[in-house]
Amino acid sequence: MKIILGILWIGVGVSVCIAAVILVGGMATAGGAPQEAVVCALAVAVAVLPYVFTRAVEGFFVVCDMSRKVEIEAPPPPAAKVQPAPTYNYEKARKNETITRLDL
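Quick caveat: nothing in here was measured; it's all calculated off a predicted structure. (Residues numbered from 1 in each chain as written. Predicted model: local features only at pLDDT ≥ 70, side-chain atom pairs only at ≥ 80, totals over all residues. Heavy atoms only, no water.)

## Description of the overall build of the chain
Within the chain, the regular secondary structure consists of 3 helices and 0 strands. Taken from the N to the C terminus, the helices and strands of the chain come in the order α-α-α. Out of the 104 residues belonging to the chain, those deemed buried represent 13%. For the chain, the share of sequence-separated contacts (at least 6 apart) that also reach a separation of at least 24 residues comes to 64%. (Helix = DSSP H or I, 4+ residues; strand = E, 2+ residues; numbered from the N terminus. Buried < 20%, exposed > 50% of the residue type's maximum accessible area, 1.4 Å probe, protein only. Contact = heavy atoms within 4.5 Å.)

## Digging into the packing of aromatic side chains
Counted according to the given criterion, the structure contains 2 aromatic pairs. Measuring from ring centre to ring centre gives 6.2 Å for F60 and F61, while their planes differ by 50 degrees; the resulting arrangement is tilted. Its relative accessible area of 51% is what places F60 among the exposed residues. (Phe/Tyr/Trp six-rings, centres within 6.5 Å; stacked < 30°, edge-to-face > 60°.)

## A few points about the confidence of the model for the chain
Detail in the predicted coordinates should be disregarded across regions flagged by low pLDDT. Averaged over all residues, the pLDDT of the chain is 82; the fraction at 70 or higher stands at 74%. Mean pLDDT across the elements of the chain bottoms out in helix 3 (residues 90-95) (65) and peaks in helix 1 (residues 2-29) (94). (pLDDT = per-residue confidence, 0-100.)

## Focus: the pattern of salt bridges
When charged atoms on two side chains of opposite charge get close, those side chains can pair. Summed over the entire model, instances satisfying the criterion amount to 1 salt bridge. The partner of E58 in a salt bridge is R55, with the nearest N and O atoms 3.7 Å apart. Taken together, the residues E58 and R55, both in helix 2 (residues 33-68) and 3 residues apart, mark about one turn of the helix. With a relative accessible area of 24%, E58 lands in the partly exposed category. (Salt bridge = Lys/Arg side-chain N within 4 Å of Asp/Glu carboxyl O.)

## Here's the deal with a nonpolar patch on the surface
A grouping of W9, V44, V48, Y51 and V52 is seen on the molecular surface, where their side chains present a nonpolar patch of about 420 Å² in accessible area. The element contributing the most residues to the nonpolar patch is helix 2, with 4 residues. Its location among the elements puts Y51 in helix 2. (Patch = residues over 30% accessible without salt bridge, like charges linked within 9 Å, V, L, I, M, F, W, Y side chains within 5 Å. Areas by Shrake-Rupley, 256 points an atom, 1.4 Å probe, with all protein chains shown as cover.)

Put into structure tokens, the structure is as follows:
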């Protein structure tokens, strides 16, 4: 697995170098904005497609590796204790002198 990924990542590095050559050479010889856009798109495609392929293979290996692991069943979480909703005691509030009332 590591050998395959190493070869793929080396290929990504080579493709980035090739994309740089395509970009520099194409921009030097382009005759206008449309040709420059094509050169840029080609350089991006040459660099990005091998990277995406390598990441997909890497993800495939991770998924296959995870499926081989034995799953250990976790114990269920403890039941949450339900607290009663707080109530407002109006009689106590009337007797309490520290509470002030704002009339809007």
